[in-house]
Amino acid sequence: MRTIKTSSGINISYQDSGELAAPVIILIMGLGAQLTVWPDELYYGLVNNGFRVIRFDNRDTGLSSQLEQLGNPNLFKIWLSKRLPVASHIPYTLDDMANDVIELMAALKIKKAHLVGASMGGMIAQLIAAQNKKKVLSLTSIMSSSTNPKLSASSLKLFLRLAKHRPIRANRDSAIHYNIKLNQLIGSPAYPQDEQTLRKQATLGVDRAHNPQGFNRQLAAIAASDCRQHLMPKIKAPTLVIHGSLDPVMPVAAGKQTAQQIRKAKLKIVKGMGHDFPPALMVKMTKWISKHVKKAEQKRVQKKNKR
């Protein structure tokens, strides 16, 4: 693991694999999830396909800076402030998190990269692709949305079930138990993972780092963010949208809408997939992303040759 420090003093921990001269893919993870949630099979699969691949811990997750000094935000006040003139404290925004990626690229002397974002990471990648067009060679948005998430009846039911398992005391065992239940509820119905596998993943994650308030601050950033629909037409990079047909967190309609709003975006609906990375699909997902990135690279070379 390596670390860079941003201009705002935040440490970003990252892993950088592959040939330095190879096309760069940056993987941006979702809400409360560490870089290790990117499956090794996908990560190293992309490296073996000839790419330089970077995955990192967002601020407030994993081994990156835990911003406890920013406090625990009042999510209800933030939600209310979007509808009424009520003051609320927002620790940071999705734009701040997008800037972390830009600073990571600058520190590693990467002028342009292919961005792959999952869930909240997809939102961050969308912001960068729309607002920093020259830095983005292609975009892959996985199980994400271009709008602020809305609570459907099914997602409300999911969050209520999760609330029952949320630990009162933040000790190691309760954190592991909650992580297992979370992944069972949001996982892919067609590709279920056994509890032993989920327990191993949860234990590794909790033992690496545990920051429950960081989750709340990231959630506040999502809740406080503006709808990105007006930005989607500004994305010029070749775009691939991957979404599970049975995603209980981000309904499949969110993926379809995102693809419709981005010019010439390709949409891949994965039957039976939920809001996770099922091991059984990682070879296919590696192939989809690799093909998309290679095609974007070919177009880039052709454009250069025409000049």
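Residues numbered from 1 in each chain as written. Predicted model: local features only at pLDDT ≥ 70, side-chain atom pairs only at ≥ 80, totals over all residues. Heavy atoms only, no water.

Undergrad: I keep staring at the pairing of strand β8 (residues 266–270) and nothing clicks. Help me out?
TA: Working note: regular strand, side chains alternate between the two faces of the sheet. The pairing of strand β7 (residues 239–244) with β8 spans five bridges and is classified as parallel. Bridging across to β8, Val-241 finds its partner in Leu-267. Note on the crossover from β7 through helix α9 (residues 252–261) to β8: the handedness is right-handed. (Pairing = 2+ DSSP bridges. Helix = DSSP H or I, 4+ residues; strand = E, 2+ residues; numbered from the N terminus. Right-handed = clockwise from strand over helix to strand, strands pointing away.)

Undergrad: Teacher, can you tell me more about the layout of surface pockets here?
TA: Gaps between atoms show up when a probe of the same size as a water molecule is rolled over them. Reported here for the second largest pocket is a volume of approximately 1,000 Å³. Lining the second largest pocket are 29 residues, with Leu-137, Lys-236, Ala-237, Pro-238 and Lys-299 positioned closest to its centre. The greatest single-element share of the lining of the second largest pocket, amounting to eleven residues, is contributed by helix α10 (residues 282–306). Looking at the lining of the second largest pocket residue by residue, the class counts come to nine nonpolar, three polar and 17 charged. (1 Å grid on protein atoms, 1.4 Å probe; cavity = no way out; pocket = protein on both sides within 12 Å on 5 of 7 lines; lining within 4 Å. Points joined across faces, edges and corners; volume = space filled by probe spheres on them. Nonpolar A, V, L, I, M, F, W, Y, C, P; charged D, E, K, R; others polar.)

Undergrad: Help me understand the packing of helix α1 (residues 40–48) against α10, please; the structure alone is not making it clear to me.
TA: Pairs of packed helices are described in terms of their axes, by the angle between the two and the distance that separates them. With their axes 9 Å apart at the nearest point, α1 and α10 run at an angle of 40° to one another. Put simply, α1 runs oblique to α10. Of the two possible hands of crossing, α1 and α10 adopt the one that is right-handed. Between α1, through Glu-41, Leu-42, Gly-45 and Leu-46, and α10, the contact on the second element is made entirely by Met-282, Val-283, Met-285, Thr-286, Ile-289 and Ser-290. The residue inventory of the contact of α1 with α10, partitioned by class, reads six nonpolar, three polar and one charged. (Axes fitted to C-alpha atoms, helices over the stretch in contact; angles between N-to-C directions. Parallel < 35°, antiparallel > 145°, perpendicular 65-115°, else oblique. Left-handed = near helix turned anticlockwise from the far one by under 90°. Contact = heavy atoms within 4.5 Å.)

Undergrad: It is not clear to me how the pattern of salt bridges should be interpreted in this structure. Could you clarify?
TA: Two side chains carrying opposite charge are able to pair once their charged atoms lie near each other. Here the structure, examined in full by the defined rule, presents ten salt bridges. Glu-68 is the partner of Arg-217 in a salt bridge, and the nearest nitrogen-oxygen pair spans 3.2 Å. With Arg-217 in helix α8 (residues 212–224) and Glu-68 in the loop between β4 (52–56) and α2 (75–81), this pair connects stretches of sequence that are 149 residues apart. Here Glu-297 ties to Arg-300 by a salt bridge, and the two come within 3.5 Å at their closest N and O atoms. You can see Glu-297 and its partner Arg-300 sitting in helix α10, three residues apart, about one turn around the helix. Judged by relative accessible area, Glu-297 falls into the buried class, the value being 14%. Taking relative accessible area as the criterion, Arg-300 reaches 33% and is therefore assigned partly exposed. What you see here is one network of salt bridges that share partners, running through Asp-60, Glu-68 and Arg-217. (Salt bridge = Lys/Arg side-chain N within 4 Å of Asp/Glu carboxyl O. Buried < 20%, exposed > 50% of the residue type's maximum accessible area, 1.4 Å probe, protein only.)

Fair warning: the whole summary comes from geometry, so function is off the table for now.
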